[in-house]
Amino acid sequence: MGKKCGRCSTRYCGPECQKQHWEGGGHDKLCKLIKKAGGAEQYNANNKYTEAVAIAAEACAEDTKGQTCYICTQALHWKTKEGLVRGCSCRGTAGFAHVSCLAEQAKILVAEAEENNLGVDTANERFDRWYNCSLCKQRHHGVVLCALGWACWKTYVGRPETDAHRLVAMSVLGNGLSAADYDEEALTVREAELAMLRRADAPEYNTLAVQTNLAIAYEALGRPEALQVKRDVYYGYLKIHGDEHEETLNAASNCVSSFIRLRRFEEAKALLRKTIPIARRVLGESHDLTLRMRWIYATALHFDKGATLDDLREAVTTLEDTVRIARRVLGGAHPLTKGIERDLRNARAALGARDGSSVRAISEAVAAMTTRGAA
């Protein structure tokens, strides 16, 4: 173990590191602030949360103009003075809130379940409020999910490393960073999360979810090990849960996104033809994973340079049906809906011109269609 700062307990890799941080890194000015916050991790989490909330509110400013928070009923938060956000599938005048209100609501619900021993299922359902909208029941996305990720992490970072809430909070943070395209930061969180689980000798199904997220971080950064990790995760879930479990289907979908990125279209189509009927039967036509898998399948059909006229027609038909359901369930502003609409335009163009799509179009589509593991 490295040496700790005697005042704020910040741990260093050695005396030289500590000396450099104090003299050249500004620790002499930060020390009291870090101690007051409860440690370096908590101090960093608090600051990152404040930054993320400001970014999310600014990104949502046009959409939230003239609205009020459905939780506190105010336009400007009474204490933090932050603006409103909306990053889910709510439409019209629904779903506008302050990140701090969403976070406080989730914190209270989780604490109540914990204090009253309401059971694992109830506890898990309530923890979902850190990333799912309580109104439309869909996951928050983009910079809003990132802000909620930092809110969740700053709430539980002070707990012991093996605490269940702290472990899940790290996953929520990683998902948020990834959703906001902070890929380097997301990778750092994923690697730390996997290391913690291995130190805690966690069950395989827990480490598989983290490996899924790790593979996605690898892929976002162009790292070649992504596909092998995704394959390992798929076969791991297949062994544990069988072929009808949502996690297995999600892992198959993630494998396919890598196949398409590598232009291995036949492998992509073969796996999807096996798994899409299962997803439609088990999860339903309107589940976001079913929609995503059908979208990827249609993309594999029309991106393939060897696509026949029938392939292109099937791609267009599939995307038209999928985007209709996505608009109804998720709304037109949701990233999944937008991605399907974009590829529908590409497929129609390919059908009209009998021409292939560009490598750049493939990269944009694949980046949007990859899914994260469970929090």
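Small disclaimer: the values here were computed from a predicted structure and weren't measured.

Quick notes on the rules
Residues numbered from 1 in each chain as written. Predicted model: local features only at pLDDT ≥ 70, side-chain atom pairs only at ≥ 80, totals over all residues. Heavy atoms only, no water. Helix = DSSP H or I, 4+ residues; strand = E, 2+ residues; numbered from the N terminus. Buried < 20%, exposed > 50% of the residue type's maximum accessible area, 1.4 Å probe, protein only. Areas by Shrake-Rupley, 256 points an atom, 1.4 Å probe, with all protein chains shown as cover. Disulfide = S-S within 2.5 Å. Salt bridge = Lys/Arg side-chain N within 4 Å of Asp/Glu carboxyl O. Contact = heavy atoms within 4.5 Å. pLDDT = per-residue confidence, 0-100. Phe/Tyr/Trp six-rings, centres within 6.5 Å; stacked < 30°, edge-to-face > 60°. Lys NZ or Arg CZ within 6 Å of the ring centre and 35° of its normal. Axes fitted to C-alpha atoms, helices over the stretch in contact; angles between N-to-C directions. Parallel < 35°, antiparallel > 145°, perpendicular 65-115°, else oblique. Left-handed = near helix turned anticlockwise from the far one by under 90°. Nonpolar A, V, L, I, M, F, W, Y, C, P; charged D, E, K, R; others polar. Expected span 1.5 Å × (residues − 1).

Engineer: Help me out: how do you make sense of the overall build of the protein in this one?
Structural biologist: If you tally the helices and strands in the protein, you get 17 helices and 0 strands. Counting the 375 residues in the protein, one finds 49% classified as buried. Carbon and sulfur atoms make up 50% of the accessible area of the protein, which totals about 18,100 Å².

Engineer: What is the right way to look at the state of the cysteines in this model?
Structural biologist: Throughout this description, disulfide means a covalent bond between two cysteine sulfur atoms. Counting across every chain of the model gives 0 disulfides. Here Cys-90 is not disulfide-linked; the sulfur of Cys-88 is the nearest cysteine sulfur, at 3.7 Å. When its relative accessible area of 10% is taken as the criterion, Cys-90 is described as buried.

Engineer: Looking at this structure, how should I read the pattern of salt bridges?
Structural biologist: Two side chains carrying opposite charge are able to pair once their charged atoms lie near each other. Summed over all chains, the structure comprises 25 salt bridges. A salt bridge links Glu-285 to Arg-294; the shortest N-O distance between them is 3.7 Å. For Glu-285, a relative accessible area of 33% gives the class partly exposed. Taking the relative accessible area as the measure of exposure, Arg-294 reaches 7% and is therefore buried. Note that Arg-294 is salt-bridged to Asp-321, the shortest N-O span being 2.8 Å. Here Arg-294, found in helix α14 (residues 288-303), pairs with Asp-321, found in helix α15 (residues 309-330); they are 27 residues apart in sequence, far enough to count as distant. Note on Asp-321: relative accessible area 22%, which makes it partly exposed.

Engineer: Looking at this structure, how should I read the environment of Gly-83?
Structural biologist: Here Gly-83 lies in the loop between α4 (61-64) and α5 (99-115). Judged by relative accessible area, Gly-83 falls into the partly exposed class, the value being 23%. Between the alpha carbons of Gly-83 and Ala-54 there is a distance of 7.8 Å; along the sequence they are 29 residues apart. Sequence-distant contacts of Gly-83, that is, excluding residues within four places in its chain, are made with Ala-57, Leu-76 and His-98.

Engineer: Help me understand unusual backbone geometry in this model?
Structural biologist: For residues besides glycine, phi is generally negative; the peptide bonds are generally trans as well. Phi is positive for Asn-117, which is not a glycine, with a value near 50°. Its place among the elements puts Asn-117 in the loop between α5 and α6 (120-127). Non-glycine residue Asp-181 carries a positive phi angle of around 70°. Within the secondary structure layout, Asp-181 lies in the loop between α8 (164-179) and α9 (183-199).

Engineer: Explain the confidence of the model for the protein here, please?
Structural biologist: Any residue range with low pLDDT should be treated as having predicted coordinates unsuitable for detailed reading. Summing up the model confidence of the protein, the mean pLDDT is 88 and the portion of residues at 70 or higher is 85%. Per-element averaging of pLDDT across the protein places helix α17 (residues 359-369) at the bottom with 58 and helix α7 (residues 142-156) at the top with 97. Confidence drops under pLDDT 50 across residues 355-359; counting only partners more than four residues distant or on other chains, this segment forms 7 contacts.

Engineer: I keep staring at the packing of aromatic side chains and nothing clicks. Help me out?
Structural biologist: Centre-to-centre distance and the angle between the planes together describe a pair of aromatic rings. This structure, assessed with the given rule, holds 3 aromatic pairs. Of the aromatic side chains, those joined through ring pairs into one cluster are Phe-127, Trp-130 and Tyr-156. Over the aromatic face of Tyr-49 sits the side chain of Lys-154, whose NZ or CZ is 4.9 Å from the ring centroid.

Engineer: Would you mind showing me how to read the packing of helix α11 (residues 226-241) against helix α12 (residues 246-261) here?
Structural biologist: Two numbers describe a pair of packed helices, the interaxial angle and the distance between the axes. Here α11 crosses α12 at 160°, and the two axes come no closer than 9 Å. Taken together, α11 and α12 sit at an angle that is classed as roughly antiparallel. Two packed elements cross with a definite hand, and for α11 against α12 that hand is left-handed. On α12, the residues touching Leu-227, Lys-230, Arg-231, Val-233, Tyr-234, Tyr-237, Leu-238 and His-241 of α11 are Glu-247, Thr-248, Ala-251, Ala-252, Asn-254, Cys-255, Ser-257, Ser-258 and Phe-259. Of the residues assigned to the contact of α11 with α12, the class counts are 9 nonpolar, 5 polar and 3 charged.

Engineer: Before we go on, may I ask you to explain α12 in this structure?
Structural biologist: Since one α-helical turn is 3.6 residues long, residues separated by three or four positions face the same way. Here α12 is 16 residues long and its end C-alpha atoms lie 23 Å apart, about the 22 Å a rise of 1.5 Å per residue gives. Of all 16 residues in α12, 14 are buried, a share of seventy percent or more. Backbone geometry just downstream of α12 places Arg-263 in the positive-phi region, at approximately 65°.

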